[in-house]
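Structural characterization, general
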Amino acid sequence: MSVAALRLIPCRRLSTAGPGVKKVIPWKDICRLCRKIAKYSVREHSSFTYFPGKEQKQQFTVARKFQHFCSHSGCVFITYEVITLNQAITIDTQAILQEKQKSYIYLTPVTRREQETLGTNNLTLSSGLTYKARKELHKAARKFIEISSWVLRHPLDEHLSHLDADPHECALWVLLKKTRSTIRAERLRAVQDLAHNHHWQDYQYRTAAQAIDLRTAIGLARTPHVDLRFFLSPPALPEVEDEFLIEDGLRQLLASLPQSEVDQCVQYFTSLALRESSQSLASQRGGLWCFGGNGLPYAQSLTTIPSEKVESFCLQALVQHSKVQSHCDHIVANGGLQLLQRVYQLRRDSQKIQRNIVRIIGNLALNENLHTAIVQSGWVSVLAEMVQSPHIMQASHAARALANLDRDAEVQKYQDGVYVLHPQCRTSQPIKADVLFVHGLLGAAFKTWRQKDCDLTEDEKSVGVQEDYTECWPKSWLAADCPSLRILSVEYDTHLSDWRAKCPVENQRKSIAYRSGELLKKLKAAGVGDRPVVWVAHSMGGLLVKKMLSDAAKDPELSSLVKNTKGVLFYSVPHFGTFMAEYSVNARYLLFPSIEVKELCRDSPALRALNDNFINIAKNQEFKVLSFAETRPTYIGPMIKLLVVPGQSADLGIGDLIEVDVDHLNICKPEKKDSFLYKRSLQFIRDALGGQILH
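Being a predicted model, the structure only gives us computed values, none of them experimental. (Residues numbered from 1 in each chain as written. Predicted model: local features only at pLDDT ≥ 70, side-chain atom pairs only at ≥ 80, totals over all residues. Heavy atoms only, no water.)

Let's talk about the overall build of the protein chain
The helix and strand inventory of the protein chain stands at 28 helices and nine strands. The buried share of the protein chain, reckoned over its 695 residues, is 46%. Total accessible area computed for the protein chain in this model is approximately 36600 Å², and 54% of it derives from carbon and sulfur atoms. (Helix = DSSP H or I, 4+ residues; strand = E, 2+ residues; numbered from the N terminus. Buried < 20%, exposed > 50% of the residue type's maximum accessible area, 1.4 Å probe, protein only. Areas by Shrake-Rupley, 256 points an atom, 1.4 Å probe, with all protein chains shown as cover.)

What follows is the structure in structure tokens.
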């Protein structure tokens, strides 16, 4: 009976995993129950008969036997019930064992070398296992604390050491937590560490992409060679009808923008974009398609302008609107960010359209209240990819937009036409000086400063000569030789003739005086003048530099720009005018010389006054001046070949003058990095800033 009862107890207890009994019967209760059954049996049989003497003893003996029989029968019955219950209940203990094994801490034996590494040469195996167990428990506890602190936004308990923390397990969450720190230096450091750790798994990149905030996403995008998996793809664009045309969407956006309080050029671009359509725009004679040229009538032909051209035209109008601060809010509110995203995805094969789009984004980013909308529209991932482009123009436009978005690391803002060539990303290298490049007539912020073009033979092409050709030598060469410089390039529209003017009223404001005031405002916003400056200018850009310094000397708010100017480098600058304007009657595109060309007339009184004023400033501030002069004539169209800036006009009257055997267009384009033209320019910049500044 006791054996049966003992089997009953574990069966009842194991069965509690299911609906089983609510209470386990104690052992003493079972014994008490059995005694009551036996006594009851004796009492029942003894009450039937009572015989004295021998017969009494016989009857009593029978009763005792009956009692034993009942007791044994009860044991047999209970045993039968237990066996039946045991067969009916099947318990799978494998699942229980698996769950128990998950909670175990598995330890490996400590080798002799590991013991020596731990500094325990006499450490026994048991003590080594104890150390291992403590270490595993320490790591598990720290991981739990760090993850919970990030989730609950509680500060980390830094009393736990980092010696045994596994970076693959905890570092990601620790860095993500620190990117939200209230301490700026800690935030910047965390973003840098997050981008530079390349051991993350793919799922960790995806997790970080969903966890990072706006500020961290922009910081990562401005980190060199960042992994693009840190960024979420742009959100899906809303579906449009099949007959929807991108150019129609652009026109609707332009029509929604206000036309009040804008200059005449913005009104001109907008009205022309709204008036014309892809079916009515005809190509101009000779295949040249310019925007609003008033010198040539539209050709009467059935040729239509491709949709890409119309989109480009509308985007140029949007560029003008994005320069107006009050219009930026309207562009975003009317779905401009999503529409531009659609055009960008559609025209991935057109670098020009993509540059114009990113140029608009860069202008919108000047308004901090629009940063959230720009990031939520998916532009950070687009800019992060574009800034890594091997094409310098593409990367520079994206770098400008990201710099305007990055208010955590940048104080300056780069307005339209001001581009950072170096550094285009966040850097720990302190910036000690600025070098500013200003192009001349028909120039641009990038193409003016490209490496000299040269015709290669088939043999030279086959061996890979000029594989290191650069589209912008200040970006590729100067930045490598002087990494502590901030290198800027400015861009402004210039034309030789009114025929090439994009806006008919543009010529009313293209004087050197107007350009000077316009650029000074942009340079002040970019922080030019806060540190030492060296100016590098080509052709008419040199006159513009002299005018800006003259105007800054008269303005107390810009006086630091003059005081911090350490040198000016001129490439064929017509200080005393040029013969080019006098030859305008002999070239078709010079029939109507623009205001810039008119100001370059030889022996112009305005140029002489500007030159005298600049020389006085240079002497008072004692900054260095170097001038290069061309000696080869330049082809101006198929009919004229002339020396654009003669040596006597390139001679400023102060500083050194170096004549170079090149023409006017190539005077600012070194043939290679070890050429005299580049080496001498680099030496001048270093001498002007002082050797200690560049190290």
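Re the sheet that holds strand E4 (residues 533-538)
Read from one edge of the open sheet, seven strands run E1-E3-E2-E4-E5-E6-E9, paired in mixed fashion. Two strands in the sheet have a free side with no partner beyond their single neighbour: strand E1 (418-422) and strand E9 (656-660). Shown here is a sheet whose adjacent strand axes are inclined to one another by a mean of 20°, direction ignored. The sheet contact formed by strand E6 (residues 624-630) and E9 spans five bridges and is parallel. Opposite Ser627, over in E9, you have Leu657 as the bridge partner. (Pairing = 2+ DSSP bridges. Axes fitted to C-alpha atoms, helices over the stretch in contact; angles between N-to-C directions.)

Examining the pattern of salt bridges
Within this structure, the stated rule accounts for 22 salt bridges. The salt bridge partner of Asp481 is Lys673, with a shortest N-O separation of 3.5 Å. Pair noted here: Asp481 is in helix H21 (residues 473-481) and Lys673 is in the loop between E9 and helix H28 (676-689), with a separation of 192 residues, a long-range link. On the accessibility criterion, Lys673 (35% relative accessible area) is partly exposed. (Salt bridge = Lys/Arg side-chain N within 4 Å of Asp/Glu carboxyl O.)

Re the packing of helix H22 (residues 512-525) against helix H23 (residues 540-554)
Contact geometry of H22 with H23 gives a least axis separation of 9 Å together with a crossing angle of 70°. Here H23 runs roughly perpendicular to H22, going by the angle between their axes. For the pair H22 and H23, the crossing hand works out as right-handed. Residues Ile512, Ala513, Arg515, Ser516, Leu519, Leu520 and Leu523 of H22 form the contact with H23, whose participating residues are Leu543, Leu544, Lys547, Met548, Asp551 and Ala552. (Parallel < 35°, antiparallel > 145°, perpendicular 65-115°, else oblique. Left-handed = near helix turned anticlockwise from the far one by under 90°. Contact = heavy atoms within 4.5 Å.)

Considerations on the nonpolar core
If you look at the biggest cluster of nonpolar residues, it comprises 62 residues, and the most contacted ones within it are Leu220, Phe230, Leu315, Leu318, Leu364, Ile374 and Trp379. Excluding its chain neighbours within four sequence positions, the residues that come into contact with Leu315 are Leu250, Leu340, Val343, Ile353, Asn356, Ile357 and Ile360. Leu436, Ala526, Val573 and Ile654 belong to the second largest nonpolar core, which has 41 residues in total. (Core = buried A, V, L, I, M, F, W, Y, C linked by side-chain atoms within 4.5 Å.)

Side note on the side chain of Asp663
Relative to the assigned elements, Asp663 resides in the loop between E9 and H28. The buried charged residue Asp663 lacks any salt bridge partner; its closest oppositely charged side chain belongs to Arg632, at an N-O distance of 6.6 Å. At 3.3 Å, the side chain of Asp663 and the backbone nitrogen of Leu665 are in polar contact. Of the polar contacts made by the side chain of Asp663, one reaches the backbone nitrogen of Asn666; its length is 2.9 Å. Those residues within four positions of Asp663 in sequence are excluded, and the remaining contacts are Glu630, Arg632, Pro633 and Thr634. (Lys, Arg positive; Asp, Glu negative; His and termini not counted. Polar contact = N/O pair within 3.5 Å; in protein donor to acceptor, adjacent residues only side chain to side chain.)

What about the packing of aromatic side chains?
According to the stated counting rule, one finds 12 aromatic pairs in the structure shown. Ring centres 5.3 Å apart and planes at 55° place the aromatic pair Tyr419 and Phe446 in the tilted group. With Tyr419 in strand E1 and Phe446 in the loop between strand E2 (433-438) and helix H20 (458-462), the pair connects residues that are 27 residues apart, well separated along the chain. Across this residue pair, the class does not change: Tyr419 and Phe446 are buried. Here Phe437 and Trp449 contribute two aromatic rings whose centre-to-centre distance is 5.0 Å and whose plane-to-plane angle is 70°, an arrangement assigned as edge-to-face. Separated by 12 residues along the polypeptide, Phe437 in strand E2 and Trp449 in the loop between E2 and H20 bring together distant segments of the chain. Residue class for Phe437 comes out buried when judged on its relative accessible area of 0%. (Phe/Tyr/Trp six-rings, centres within 6.5 Å; stacked < 30°, edge-to-face > 60°.)

With respect to H28
Along its 14 residues, H28 runs 20 Å from first to last C-alpha, staying within 8% of the 20 Å computed at 1.5 Å per residue. Along H28, the positions that sit buried rather than exposed are Leu677, Tyr678, Arg680, Ser681, Leu682, Phe684, Ile685, Ala688 and Leu689. Positive phi appears at Gly690, one or two residues downstream of H28, with a value of about 90°. (Expected span 1.5 Å × (residues − 1).)

Observations concerning unusual backbone geometry
Here the residue pair His422 and Pro423 is connected by a cis peptide bond, since its omega of -10° sits within 30 degrees of zero. With respect to the helices, strands and loops of the structure, Pro423 is situated in the loop between E1 and E2. Although it is not a glycine, Ser539 sits at a positive phi angle of roughly 55°. Within the secondary structure, Ser539 is located in the loop between E4 and H23. One non-glycine residue, Ser572, adopts positive backbone phi at about 50°. For Ser572, the position within the fold is in the loop between strand E5 (565-571) and helix H25 (595-598).

Some thoughts on the environment of Asn620
Assignment of secondary structure puts Asn620 in helix H26 (residues 605-621). When the C-alpha positions of Asn620 and Lys563 are compared, they lie 9.7 Å apart, and in sequence the two are 57 residues distant.

Examining the pairing of E4
Among the six residues of E4, six are classified as buried, and the element is accordingly described as predominantly covered. Note: E2 against E4, five bridges, orientation parallel. Along E4, the bridge assignment pairs Val438 with Ala537. Judged from the six bridges that link them, E4 and E5 form a sheet pairing that is parallel. Each residue of the ladder has a partner; that of Val533, found in E5, is Thr565.

With respect to the packing of helix H16 (residues 351-364) against helix H18 (residues 379-386)
Across the interface, H16 lies against H18 with an axial gap of 12 Å and an inter-helix angle of 125°. One finds that H16 runs oblique with respect to H18. In this structure, the crossing between H16 and H18 has a hand that is left-handed. Counted together, Gln354, Arg355, Ile357, Val358 and Ile361 of H16 and Trp379, Leu383 and Met386 of H18 form the full contact between these two elements. In terms of residue class, the contact of H16 with H18 is built from six nonpolar, one polar and one charged. (Nonpolar A, V, L, I, M, F, W, Y, C, P; charged D, E, K, R; others polar.)

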